[in-house]
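Examining the three-dimensional arrangement
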Amino acid sequence: MINLLLLALCAAAPAAAAKQDVLVTVNGVAVNRRHVADRAWNRHADASLNEIIDELLISQAADSLKVKSEAGEVEARLKRIQSRFQDETTFKERLSATGSSLAALRSELEAQVLREQLVVRARALTVTDAEAQDFFNANKDKLGAPEAVHLRHILVSSEKQASDFLIALRAGADFARLAAEVSLDGASKERGGDLGLITRGMLDPDIEKVVFALAAGQVAAPVRSAGGFHLFKADEVRPAKPAAFPEVQQDLKQALLSDKIKKSWPDYLKELHSKAKIIPATSGKSPR
């Protein structure tokens, strides 16, 4: 009796497992996990395998050369990315919306920094002061700070509204507070109408003529655009400033080093592959 019961249970087990493996049915036709796994394997196996091989070769080379991802540089890059968002909560929400997380981003940055430090060590990459000076001399006009205006604006629907608000501003109303209350520009109203630093070429030419004629603290007369009527205030006016080599030297050296890293990496990775003993398995079947 017991033997018969065991046989029945053993026979039922594969059927139960198969039923649990079904992900969806389409008009009575079952689609199970194996179908999905096989298709994913056929489409992505080579790319995924090559990615894993690269990661192993990089890790092994880093261990051999005693190279580790510099934690300070990872955190600095993470902070630079986070600074592009309004606050930490918004930053994390955006990561989550893209299917990532803070931990995943940090891991990605750690791998990036490790690759850079590895190729720098392996290829003895450096940038001399002379190289930085030569680049500066060839690009001096592009490296200077352009003329800029730190601008705020209020967008309303009619010229009458704009004129009334201009009177209130000239009478002493706070521009940022008024922008937060009445501006139709949802992207800037929460920041008191702050548009940040504006350089030439960023705005419509007709608006540009108006805002670059403002003095610091001045509010322009209403300006019409396709979106409505604008009131612009110059919080700060920054004249163009020629570049000075001592002020940009370190940034130039880092930029030039990054360029050398980018150019050296493909050949270095090929070298790691050529020196490695990579033996394919005989089976190419997808994992069960």
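None of the values given here were measured: they were computed from a predicted structure.

1. Side note on the packing of helix H5 (residues 102–123) against helix H11 (residues 245–275)
- At their nearest, the axes of H5 and H11 sit 9 Å apart, and the two run at 80° to each other. Taken as axis vectors, H5 and H11 run roughly perpendicular relative to one another. Of the residues in H11, those in contact with Arg115, Glu116, Leu118, Val119, Val120, Ala122 and Arg123 of H5 are Leu257, Ile261, Ser264, Trp265, Asp267, Tyr268 and Glu271.
- Across the contact of H5 with H11, the residue classes break down as 8 nonpolar, 1 polar and 5 charged.

2. Examining the confidence of the model for the protein
- Counting all residues, the mean pLDDT for the protein is 90, and 91% of those residues have values of 70 or more.
- A low-confidence stretch, residues 4–9 stays under pLDDT 50, and its non-local contacts, those more than four residues away or across chains, total 0 contacts.

3. A closer look at the packing of aromatic side chains
- Enumeration over the complete set of coordinates arrives at 3 aromatic pairs.
- When the ring of Phe136 is compared with that of Phe245, the centres are 5.4 Å apart and the planes differ by 65°; the resulting orientation is edge-to-face. With Phe136 in helix H6 (residues 129–143) and Phe245 in helix H11, the pair connects residues that are 109 residues apart, well separated along the chain. In this structure, Phe136 and Phe245 share a single accessibility class: buried.
- Look at Trp265 and Tyr268: their rings are 5.8 Å apart centre to centre, the planes differ by 55°, and that puts the pair in the tilted class. Of this pair, Trp265 and Tyr268 both sit in helix H11, separated by 3 residues, roughly a single helical turn. When sorted by exposure, Trp265 lands in the same class as Tyr268, which is buried.
- It is Arg200 that lies over the ring of Phe212; its NZ or CZ is 4.3 Å from the centre.

What counts and what doesn't
Note that residues are indexed from 1 along each chain, following the sequence as it is written. Reporting in this predicted model follows two pLDDT cut-offs: at least 70 for local features of residues, and 80 or more for side-chain atom pairs to be given and counted; totals over whole chains, interfaces and linings ignore these cut-offs and use all residues. With hydrogens and water set aside, each side-chain value is computed from the structure's full complement of heavy atoms. All axes here are fitted lines through C-alpha atoms, helices being fitted over the stretch that makes contact, and every angle between N-to-C directions spans 0 to 180 degrees. Put simply, DSSP marks the helices as runs of H or I at least four residues long and the strands as runs of E at least two long, and each gets a number from the N terminus on. Orientation categories follow fixed angle ranges, with anything under 35 degrees roughly parallel, anything over 145 roughly antiparallel, 65 to 115 roughly perpendicular, and all other angles oblique. Here, two residues are considered to be in contact whenever any of their heavy atoms come within 4.5 Å of each other. Side-chain classes are defined by residue name, with Ala, Val, Leu, Ile, Met, Phe, Trp, Tyr, Cys and Pro counting as nonpolar, Asp, Glu, Lys and Arg as charged, and the others, Gly among them, as polar. Scored from 0 to 100, pLDDT records how confident the predictor is in each individual residue. Ring pairs are drawn from Phe, Tyr and Trp, using the six-membered ring of Trp, whenever the two centres fall within 6.5 Å, and their geometry is named by plane angle: stacked under 30 degrees, edge-to-face over 60, tilted for the rest. Only protein chains enter the accessibility calculation, which uses a 1.4 Å probe. A residue is then buried if its area is under 20% of the maximum for its type, exposed if over 50%, and partly exposed in between. A ring is scored as having a charge over it whenever the NZ atom of a lysine or the CZ atom of an arginine sits within 6 Å of its centre and within 35 degrees of its normal.

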